Amino acid sequence: MNVLVAGGAGYIGSVMTETLLERGDAVTVYDNLSHGYRDAVHPDARWVEGDVGDRAKLERVLADHQIEAVIHMAAFIEVGESVREPHKYFDNNTLQAVGLLEAMHGTGVRRLVLSSTAAVYAPSPAPLSETSPVAPASPYGLSKLFLERLLAWY
């Protein structure tokens, strides 16, 4: 399968890329290096530097590499920073991700794995499940929940 890993130059994205390559998938890593490292990208992966909000560039990449599925890991993740700079999180984690969704829609790519977060749920001493109450306690969690809700419409 041809897979695009958005945010693939980060720690978890680089591990995901390696795992996909080991199972025989062709991987294109797409990252703007704002929090990732070019050296973290596996040498067998195709590399494209870019922002997830750049719909036109993403459409070219999705089409040129015949991408069949996207794993979206390109998000800011610092809860404390999200409280100090909420605009940064809503812009990157929600609004910019719409560019990725639009590019996927425009090129017919229908498979998406979203790396979300437990921060979308209400704080709880009990183990969380997908049926736990949703009530983010930070802009980070809310930015991810907004994206999850947008996906339902796509």
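These numbers come from a predicted model, not from an experiment.

Quick notes on the rules
- Residues numbered from 1 in each chain as written.
- Predicted model: local features only at pLDDT ≥ 70, side-chain atom pairs only at ≥ 80, totals over all residues.
- Heavy atoms only, no water.
- Helix = DSSP H or I, 4+ residues; strand = E, 2+ residues; numbered from the N terminus.
- Buried < 20%, exposed > 50% of the residue type's maximum accessible area, 1.4 Å probe, protein only.
- Polar contact = N/O pair within 3.5 Å; in protein donor to acceptor, adjacent residues only side chain to side chain.
- Contact = heavy atoms within 4.5 Å.
- 1 Å grid on protein atoms, 1.4 Å probe; cavity = no way out; pocket = protein on both sides within 12 Å on 5 of 7 lines; lining within 4 Å.
- Points joined across faces, edges and corners; volume = space filled by probe spheres on them.
- Nonpolar A, V, L, I, M, F, W, Y, C, P; charged D, E, K, R; others polar.
- Expected span 1.5 Å × (residues − 1).
- Arc of directions from axis to C-beta.
- Phe/Tyr/Trp six-rings, centres within 6.5 Å; stacked < 30°, edge-to-face > 60°.
- Axes fitted to C-alpha atoms, helices over the stretch in contact; angles between N-to-C directions.
- Parallel < 35°, antiparallel > 145°, perpendicular 65-115°, else oblique.
- Left-handed = near helix turned anticlockwise from the far one by under 90°.

Description of the side chain of S138
In this fold, S138 is placed in the loop between β5 (111–114) and α5 (139–153). When its relative accessible area of 10% is taken as the criterion, S138 is described as buried. There is a polar contact of 3.1 Å between the side chain of S138 and the backbone nitrogen of G141. Once residues lying within four places of it in the same chain are set aside, the contact partners of S138 are V79 and S82.

Let's talk about the layout of surface pockets
Its volume calculated, the largest pocket comes out at about 610 Å³. Along the walls of the largest pocket sit 26 residues, with H35, M73, A74, A75 and I77 positioned nearest its centre. Looking at the lining of the largest pocket, the elements with two or more residues in it are α1 (11–22), β2 (26–31), α4 (86–107) and α5. Of the residues forming the lining of the largest pocket, the biggest block, 3 residues, is contributed by α1. In terms of residue class, the lining of the largest pocket is built from 10 nonpolar, 12 polar and 4 charged.

Section: α1
The first and last C-alpha atoms of α1 sit 17 Å apart over 12 residues, in line with the 16 Å expected at 1.5 Å per residue. For α1, the set of buried residues is G13, S14, T17, L20 and L21. Looking down the long axis of α1, one finds its buried residues gathered within 125 degrees of arc, a one-sided arrangement. When the buried face of α1 is taken as reference, the exposed residues oriented beyond 90 degrees from it are Y11, I12 and E22. Tucked into the core, α1 has its buried residues touching β1 (2–6), β2 and β4 (69–72).

A word on the packing of aromatic side chains
Inspection of every chain in the model, using the stated rule, returns 3 aromatic pairs. When the ring of F76 is compared with that of Y89, the centres are 5.7 Å apart and the planes differ by 65 degrees; the resulting orientation is edge-to-face. Within this pair, whereas F76 is found in the loop between β4 and α3 (79–84), its partner Y89 is found in helix α4, the two being separated by 13 residues in sequence. The exposure classification of F76 matches that of Y89, with both residues buried.

Remarks on the packing of helix α2 (residues 55–64) against α4
For the pair α2 and α4, interaxial distance at closest approach is 8 Å and the crossing angle is 45 degrees. Taken together, the axes of α2 and α4 are oblique relative to one another. In this structure, α2 crosses over α4, and the sense of that crossing is right-handed. Contacts between α2 and α4 involve R55, L58, E59 and L62 from the former and G99, L100, E102, A103, M104, G106 and T107 from the latter. Residues of the contact of α2 with α4, tallied by class, amount to 5 nonpolar, 3 polar and 3 charged.

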